[in-house]
Amino acid sequence: MENLINDIDILDRNSTEATETVKTSKEENTGKTKKLYIESYGCQMNFADSEIVTAIMKENGYDTTSEFESADVVFLNTCSIREKAEQTVRNRLNHFNAIKKNKPDMTIGVLGCMAERLKEQLLEEEKMVDMVVGPDAYRDLPKLVETAEDGLKAVNTFLSREETYADISPVRLNSNGVSAFISIMRGCDNMCSFCVVPFTRGRERSRDPHSVVAEAQDLFNKGYREVTLLGQNVDSYKWSDEENNKAWLEKKEKKGEEVAVVNFAHLLEMVAKVSPELRVRFSTSHPKDITDEVLHTMKRYENICKYIHLPAQSGNSRVLDLMNRTYSREWYINRVDAIRDILGEECGISSDMIAGFCTETEEEHKDTITLMDYVKYDFSYMFFYSERPGTLAAKKYEDDIPLETKKKRLQEIIDKQQEISLERNKLDLGKVHKVLIEGTSKRSDEQFQGRNTANKVVIFPRQHFKKGDYVNVLVNDCTAATLFGEAQA
Ligand code: SAH
Ligand code: SF4
Ligand code: F3S
């Protein structure tokens, strides 16, 4: 069930969230002697990291290949968010190991969140890989490959408080040449009790805004027309040219001392100013931190897309408290009301929902459904709770909701979302939408596919238009997932 939903996400939404997606490397031949194959799982931040990894490896004599059989080095950039995500990677590693039997020189490395969570275990106990490299240690990759090639233990799972890879220009993989992702921060300082990310990604740190703007400008110059700014909690983005240290900044703030700080609203504005022709998106917004200042900045710039991914997780305040989300249902509703007041009904809102969290009652589950009815999400990523070792919830609460009940509640959430998505999409019928063309539709070469400002996929006959164009499309049909229309001359 979860899988099916995720497949839909991949097809239609260009997810910025955690699905168990696979993205593999592209073929790139610039005459380098060695070949790298990289496969990525998890969230967009992980995919963005794979582009940094590729850049580092390229500097060190590697071209990418899309066929792992011809690779000297195989990397799996992994995700730990749910048990299923890790199982998928284990199956894949078994497959690679079977191939390695006939190709003993091939080096297999596990990167990303599973590497960080399991550390040496995959190498020493399970003997599944030659290298284990956590998300903050990618600069060390070329050296670690050499270590592994010498038959030595190649492990680096050191988590940094500073690393943002700000100076590394990512090699775009799987790109449509129109939209790209830019990481603006790393790590997470929230401690949502269900979540493994703070353990696998370490402390939150923001990236130099000047390097973010430079990357956006460079992408624009290369023909890209949309950037998505990525962070686990973009609203807590904070940078000071004086000293970029969160603890230092907070101390100053507490004392009421003035420091010139770039916050997320400022950063959004800086990126929006690169060009009115460059669309700016962002993900993820945390309900506890999203400010009216951000909403007003969105309103001021036509090119900042009117779409907010605002994961609620649950619609019940007691469950939210157990989840350690640090907001209540009422607070969340207040933020949604602010979005509607400032940006209007057209602004797209999406969510992540977890069904069957520890001790959740049937009534509390119903609160999630009624919240969905209140907000009218255009779209949601929906999961059932999967206990992750080492998290606060795993330590404090019993995972006591039977799998069958979790699945039943998840299905109810999915059914509700389907109903609301269709209802929301029907409101778009008969209206003209400005669409940025991303490429041909997956269903037919005769059709183009793009997105409107609210992040909805719009499909229409291609006519004389081309990828990267903005077109006005009159929408005349829809499903729960997609809008269909006709481009206007
Ligand atoms: N930083 C983002 C979320 C990143 S993880 C935020 O705070 O919203 C993406 C989503 O995966 C989460 O929003 C949550 O819905 C889901 N998720 C995380 N841990 C999970 C778990 N243990 N079981 C089920 N779903 C989980
Ligand atoms: Fe996980 Fe919460 Fe951080 Fe999101 S904000 S990454 S859910 S700990
Ligand atoms: Fe992303 Fe999965 Fe890690 S969601 S941060 S790759 S645990």
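Residues numbered from 1 in each chain as written. Chains lettered and ligands numbered in written order. Predicted model: local features only at pLDDT ≥ 70, side-chain atom pairs only at ≥ 80, totals over all residues. Heavy atoms only, no water.

Draft legend 1. Geometry of the sheet that holds strand S16 (residues 348–355). Taking strand neighbours across the sheet as the criterion, the three strands line up as S15-S16-S17 in an open arrangement whose pairing is parallel. At either end of the open sheet lies a strand with only one pairing partner, and these are strand S15 (307–309) and strand S17 (379–384). Ignoring strand direction, the axes of neighbouring strands in this sheet form an average angle of 10°. Pairing between S15 and S16: three bridges, direction parallel. Across the sheet, residue Tyr307 finds its bridge partner in S16, namely Gly348. Lying on the sheet, helix H13 (residues 329–343) is in contact with S15 and S16; it crosses S16 at an angle near 165°. Helix H16 (residues 403–426) contacts S16 and S17 of the sheet and is inclined by roughly 175° relative to S17. (Pairing = 2+ DSSP bridges. Helix = DSSP H or I, 4+ residues; strand = E, 2+ residues; numbered from the N terminus. Axes fitted to C-alpha atoms, helices over the stretch in contact; angles between N-to-C directions. Contact = heavy atoms within 4.5 Å.)

Draft legend 2. Spotlight on empty space enclosed by the protein. In the structure shown here, the tally under the stated rule is five cavities of 30 Å³ or more. Within this model, the largest cavity holds a volume of roughly 630 Å³. Residue lining of the largest cavity: 41 residues in total, with Ile81, Phe194, Cys195, Val197 and Gln232 positioned closest to the centre. Put simply, the parts of the chain that give the lining of the largest cavity at least two residues each are strand S2 (34–42), helix H2 (44–59), helix H7 (197–201), S16 and S17. When residues of the lining of the largest cavity are assigned to their parent elements, the largest contribution, four residues, is made by H7. Grouping the constituent residues of the lining of the largest cavity by class yields 21 nonpolar, 15 polar and five charged. Per-domain counts for the lining of the largest cavity show at least three residues from each of domain 1 (18–156) and domain 2 (179–426). (1 Å grid on protein atoms, 1.4 Å probe; cavity = no way out; pocket = protein on both sides within 12 Å on 5 of 7 lines; lining within 4 Å. Points joined across faces, edges and corners; volume = space filled by probe spheres on them. Nonpolar A, V, L, I, M, F, W, Y, C, P; charged D, E, K, R; others polar. Domains from an automatic or database assignment.)

Draft legend 3. View of the side chain of Arg388. Take Arg388: it is sitting in the loop between S17 and helix H15 (392–396). With relative accessibility at 2%, the residue Arg388 sits in the buried group. Reaching out from Arg388, the side chain makes a polar contact with the backbone oxygen of Ser80 at a distance of 2.8 Å. (Buried < 20%, exposed > 50% of the residue type's maximum accessible area, 1.4 Å probe, protein only. Polar contact = N/O pair within 3.5 Å; in protein donor to acceptor, adjacent residues only side chain to side chain.)

Draft legend 4. Just the domain arrangement of the protein chain, in detail. In terms of domain boundaries, the protein chain breaks down into domain 1 (18–156), domain 2 (179–426) and domain 3 (432–487). Placing the centre of domain 1 and that of domain 2 at their C-alpha centroids yields a distance of 28 Å. Between domain 1 and domain 2, the contact holds 18 residues from the first and 20 residues from the second. Where domain 1 abuts domain 2, roughly 1,700 Å² becomes buried across the two surfaces, and 55% of that area is made up of carbon and sulfur atoms. The largest contributions to the domain 1 side of the interface with domain 2 come from Met45, Arg82 and Arg117, which together make up 33% of the buried area. The tally of links from domain 1 across to domain 2 stands at five salt bridges. For Arg186, the salt bridge identified is with Asp49, shortest N-O distance 2.8 Å. For the pair domain 1 and domain 2, the number of links is eight residue pairs in polar contact (both at pLDDT 80 or more). Taken together, the elements giving at least two residues each to the side of domain 1 that touches domain 2 come down to H2, helix H3 (83–100) and helix H4 (112–118). A per-element tally of the side of domain 1 that touches domain 2 places H2 first, with five residues. Classifying every residue of the side of domain 1 that touches domain 2 by side-chain character gives seven nonpolar, four polar and seven charged. (Buried area = accessible area lost by both parts, 1.4 Å probe. Salt bridge = Lys/Arg side-chain N within 4 Å of Asp/Glu carboxyl O.)

Draft legend 5. Local environment of the sheet that holds strand S19 (residues 447–451). Read once around its circumference, the closed barrel built from five strands follows the order S18-S19-S20-S22-S21, with strand pairing classed as mixed. On average, each strand axis in the sheet is inclined to that of its neighbour by 50°, with strand direction left out of account. In the sheet, strand S20 (residues 457–461) pairs with strand S22 (residues 482–487) via three bridges, with the strands oriented parallel. Following the sheet pairing, Val458 is matched in S22 by Leu483.

Draft legend 6. View of the packing of helix H11 (residues 292–300) against H13. Between H11 and H13, the least distance of the axes is 10 Å, while the angle of their chain directions is 25°. By the criterion of interaxial angle, the relationship of H11 to H13 is roughly parallel. As H11 packs across H13, the resulting crossing turns out to be right-handed. Residues Asp292, Leu295, His296, Met298 and Lys299 of H11 form the contact with H13, whose participating residues are Arg335, Ala338, Ile339, Ile342 and Leu343. Residues that form the contact of H11 with H13 fall into these classes: six nonpolar, one polar and three charged. (Parallel < 35°, antiparallel > 145°, perpendicular 65-115°, else oblique. Left-handed = near helix turned anticlockwise from the far one by under 90°.)

Draft legend 7. Seen up close, the site of ligand 2. Cys188, Asn190, Cys192, Phe194, Cys195, Val197, Pro198, Gln232, His286 and Arg325 make up every residue found near ligand 2. Tallied by class, the residues present in the shell around ligand 2 amount to six nonpolar, three polar and one charged. (Near = heavy atom within 4 Å.)

Draft legend 8. Broad picture of the site of ligand 3. In the vicinity of ligand 3 lie 11 residues, with Cys43, Cys79, Ser80, Cys113 and Arg201 positioned nearest. Judged by the proximity of its atoms to the pocket grid, ligand 3 belongs to the largest cavity. For the shell around ligand 3, the residue count by class is six nonpolar, four polar and one charged. (Sits in = over half its atoms within 2 Å of the grid points.)

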